Amino acid sequence: MPINHDRKLVIAISSRALFDLTDSHKVYMESGLAAYSKYQIERESEQLKPGDAFTLVKKLLNLNERLGEDRVEIVLMSRNSADTGLRIFNSIQEYGLDITRAAFSSGVSPYRYIEAFDCDLFLSLDAEDVQGALAQGIAAATLLPSRNGNEQEQLRFAFDGDAVLFSDESERIYKEKGLGAFTENEKAAAKKPLSGGPFKAFLSALHSLQAQFDGDECPIRTALVTARSAPAHERVIRTLRAWNVRIDESLFLGGLPKGKFLKAYGADVFFDDQPLHCESAKDHVATGHVPHGVANE
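Since this is a predicted model, take the numbers as computed values, not measurements.

**Quick look at the overall build of the chain**
Next up, step 1: Each helix and strand counted, the chain has 12 helices and 10 strands in total.
Next up, step 2: For a compact globule of 297 residues, the expected C-alpha radius of gyration is about 19 Å, and the chain comes in at 20 Å, within 12% of that figure.
Next up, step 3: Each principal axis of the C-alpha atoms in the chain carries an extent, and together these give about 65 × 45 × 35 Å.
Next up, step 4: Taking all 297 residues of the chain together, the buried fraction comes to 50%.
Next up, step 5: Looking at the chain as shown, the accessible area adds up to about 13,800 Å², and 48% of this sits on carbon and sulfur atoms.
Next up, step 6: Averaging the coordinates of the 34 positive side-chain charges in the chain and doing the same for the 43 negative ones gives two points 4 Å apart.

So this is what it looks like as structure tokens:
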């Protein structure tokens, strides 16, 4: 698929991912909508604390300053009404975040607007909304609670391979027939590119954005962090080559726990389809669970 170098990178963020809405969400769950609305309106002038995606959003928006043009856009997605969401927009302005577009859906899921906004990625704390976005063909992940933010200036994304960047076709063989059959299949199909997974288009969009910067000056870095090992590595390398997409770092871990490697890499966010890997990774870096593929059936 040709890469469009002129298109914006558009990322949708839920209000609960951008800001810490723990207290107000507790009011809603325990006392209902009327109490929640009263709580938010009474605190419209109180600045919300940053949420799990706040640092990531700041780094993404800073790319526009580096480029001198708007190449990244953040769209707010919220189950609030515009009335109760005023506190959220007030906090956006107080933090100086350049976010101007939003969907407030008054209690129902806002994911149906993601395609209309032409989003490349959706991050939320609501697994049901994430599944809805994935069903629309949009890269999406459920952010797991983590306070392990990365304060370095460079923006670093990390991705699992099978069922995230790639389809789960090989992972299904592993699940059904074991490691030996998986390895033999990958050796036999080494020169046959894997089909794309839910994050293929997002990786291509990131690659397009990276191309706007000169070599070592690029403020975006990408990594593949996979449980695969040799000889199953070759098919992955040839797949990315066939897609004409660059990955800056590739870690073939052969089943080792990923958390410490992600911390060493300095990931701002890591995307994986397997809940067990996500639980391990979140102790080291911000992690997004991608509820896709055989591991989630």
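The rest of the description comes next.
**Quick look at the sheet that holds strand 9 (residues 269-272)**
Next up, step 1: Taking strand neighbours across the sheet as the criterion, the 10 strands line up as 3-2-1-4-5-10-9-6-7-8 in an open arrangement whose pairing is mixed. Looking at strand neighbours, the two that pair on one side only are strand 3 (101-104) and strand 8 (249-252), the edges of this open sheet. With direction set aside, neighbouring strand axes in the sheet form an average angle of 25°.
Next up, step 2: Relative to strand 5 (residues 139-144), strand 4 (residues 121-124) runs parallel, the two sharing four bridges. Within strand 5, the residue paired with S124 across the bridge is T142.

**Section: the nonpolar core**
Next up, step 1: Formed by 65 residues in total, the largest nonpolar core has its most connected members in L18, L60, F157, F199, F202 and F271.
Next up, step 2: Among the elements that take part in this core, helix 4 (residues 54-67) stands out by supplying six residues, more than any other.

**Structural notes on the pattern of salt bridges**
Next up, step 1: Overall, the coordinates contain 23 salt bridges when judged by the stated rule.
Next up, step 2: Note that D272 is salt-bridged to K258, the shortest N-O span being 2.8 Å. Taken together, the residues span a long stretch of sequence, with D272 in strand 9 and K258 in the loop between strand 8 and helix 11 (259-265) at a distance of 14 residues. Across the pair, K258 and D272 agree in class, each one buried.
Next up, step 3: When salt bridges that share partners are traced, they join D162, E169, E186, R228 and R235 into one network.

**A look at the confidence of the model for the chain**
Next up, step 1: For the chain, the average pLDDT comes to 91, and 96% of its residues sit at 70 or higher.
Next up, step 2: Across residues 1-5, confidence stays below pLDDT 50; counting only partners more than four residues off in sequence or on other chains, it has nine contacts.

**Some remarks on the pairing of strand 4**
Next up, step 1: Both faces of strand 4 are covered, namely the face carrying L121 and L123 and the face carrying F122 and S124.
Next up, step 2: Where strand 1 (residues 9-14) lies against strand 4, three bridges are found, and the strand directions are parallel. Paired with I11 across the bridge in strand 4 is L121.
Next up, step 3: Handedness of the crossover joining strand 4 and strand 5 through helix 6 (residues 127-135) is recorded here as right-handed.

**Remarks on the environment of D162**
Next up, step 1: Tracing the sequence through the fold places D162 in the loop between strand 6 (155-159) and helix 7 (169-177).
Next up, step 2: Look at D162 and you get buried, because its relative accessible area is 7%.
Next up, step 3: Residues D162 and V236 lie 74 residues apart in sequence; the distance between their C-alpha atoms is 9.3 Å.
Next up, step 4: Within polar-contact distance, the side chain of D162 engages the side chain of R228 at 2.9 Å.

**Thoughts on the packing of helix 7 against helix 8 (residues 179-188)**
Next up, step 1: At a minimum axis separation of 7 Å, helix 7 and helix 8 run at an interaxial angle of 150°. On the basis of their axis angle, the class for helix 7 and helix 8 is roughly antiparallel. Taken together, the residues of helix 8 that come into contact with helix 7 (itself represented by S170, I173, Y174 and K177) are L179, A181, F182, N185 and E186.

What counts, and where the lines are drawn
Residues numbered from 1 in each chain as written. Predicted model: local features only at pLDDT ≥ 70, side-chain atom pairs only at ≥ 80, totals over all residues. Heavy atoms only, no water. Helix = DSSP H or I, 4+ residues; strand = E, 2+ residues; numbered from the N terminus. Rg over C-alpha atoms; globule rule 2.2 N^0.38 Å. Buried < 20%, exposed > 50% of the residue type's maximum accessible area, 1.4 Å probe, protein only. Areas by Shrake-Rupley, 256 points an atom, 1.4 Å probe, with all protein chains shown as cover. Lys, Arg positive; Asp, Glu negative; His and termini not counted. Charge placed at Lys NZ, Arg CZ, Asp CG, Glu CD. Pairing = 2+ DSSP bridges. Axes fitted to C-alpha atoms, helices over the stretch in contact; angles between N-to-C directions. Core = buried A, V, L, I, M, F, W, Y, C linked by side-chain atoms within 4.5 Å. Salt bridge = Lys/Arg side-chain N within 4 Å of Asp/Glu carboxyl O. pLDDT = per-residue confidence, 0-100. Contact = heavy atoms within 4.5 Å. Right-handed = clockwise from strand over helix to strand, strands pointing away. Polar contact = N/O pair within 3.5 Å; in protein donor to acceptor, adjacent residues only side chain to side chain. Parallel < 35°, antiparallel > 145°, perpendicular 65-115°, else oblique.

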